[in-house]
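Listed below, chain by chain, are the residues.
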Amino acid sequence: MTSEFQNDRCPCLSGDTYSECCGRFHSGAAVASTAEWLMRSRYSAFAMGDAPYLLSTWHPLVRPRTLQIDVGISWRRLDIVRTERGGMLDSEGTVEFIAHYRRDRVTRQQHEVSHFLKLDRCWYYEGALS
Ligand SMILES: [Zn+2]
């Protein structure tokens, strides 16, 4: 579904093209090696409406059965505020971020401290701490 976006800038605004950035994770060609990369790829998945990727990267113990992506939201920018642990040698970590979006012609922000856990070398979103 995402092939037409391969050469576009990645929605997470890393500066790389989609295929060299979060597209690798969405397609399964690569696995996010840090909590921040998983966070970025999940933001991009929201921006591109990739519900299967969002569900597959949710921690199995808290994963919802289905996910309805709000198509009225236009995701504009992701700011990573702070990360704690979540590196290649860690098994858990937190990422604080501000996601900017527009809905009903109003610009809004989602400010969250997300918690991530690693299982079998894969990072999973476990939920919000704030
Ligand atoms: Zn990206």
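Residues numbered from 1 in each chain as written. Predicted model: local features only at pLDDT ≥ 70, side-chain atom pairs only at ≥ 80, totals over all residues. Heavy atoms only, no water.

(A) Highlighting the packing of aromatic side chains. Summed over all chains, the structure comprises six aromatic pairs. Ring centres 5.8 Å apart and planes at 80° place the aromatic pair Y43 and W75 in the edge-to-face group. Of this pair, Y43 sits in helix α2 (residues 35–48) while W75 is found in strand β1 (residues 74–85), placing the two residues 32 residues apart along the sequence. Here Y43 and W75 have matching classes, each one buried. Three or more aromatic residues joined by ring pairs form one cluster here, namely Y43, F46, W75 and Y101. Over the ring of W37 we find R40; its NZ or CZ atom is 5.9 Å from the centre of that ring. (Phe/Tyr/Trp six-rings, centres within 6.5 Å; stacked < 30°, edge-to-face > 60°. Helix = DSSP H or I, 4+ residues; strand = E, 2+ residues; numbered from the N terminus. Buried < 20%, exposed > 50% of the residue type's maximum accessible area, 1.4 Å probe, protein only. Lys NZ or Arg CZ within 6 Å of the ring centre and 35° of its normal.)

(B) Seen up close, the coordination of the zinc ion. Here the zinc ion is held by C10 (SG), C12 (SG), C21 (SG) and C22 (SG), and the distances to it run 2.2 to 2.4 Å. Geometry at the zinc ion is tetrahedral, judged from its four donor atoms and the angles of 102 to 116° they form at the metal. Motif for the zinc ion, donor spacing along one chain: C-x1-C-x8-C-C. Remark: C22 occurs in helix α1 (residues 22–27) and C10 occurs in the segment before α1; sequence separation between them is 12 residues. (Donors = N, O, S within 2.8 Å, 3.2 Å for Na, K, Ca; no water. Tetrahedral: all angles 85-135°; square planar, octahedral: opposite > 155°, others 65-115°.)

(C) Region of interest: the nonpolar core. In terms of nonpolar packing, the biggest core is built from 28 residues, with C12, M39, Y43, L78 and F116 touching the most fellow members. At the level of secondary structure, the elements contributing two or more residues to this core comprise α1, α2, α3 (51–56), β1, β2 (92–103) and β4 (122–128). If one sorts the elements of this core by residue count, α2 sits on top with six residues. Once you skip the residues sitting within four places of it in the chain, Y43 turns out to touch P11, C12, W75, R76, R77, L78, A99 and H100. (Core = buried A, V, L, I, M, F, W, Y, C linked by side-chain atoms within 4.5 Å. Contact = heavy atoms within 4.5 Å.)

(D) The arrangement of unusual backbone geometry in detail. In the Ramachandran plot, D104 falls in the positive-phi region, its phi being about 50° despite a non-glycine side chain. Assignment of secondary structure puts D104 in the loop between β2 and β3 (106–119). Given the relative accessible area of 60%, D104 is considered exposed. A positive phi angle, close to 70°, is found at R121, a residue other than glycine. Within the secondary structure, R121 sits in the loop between β3 and β4.

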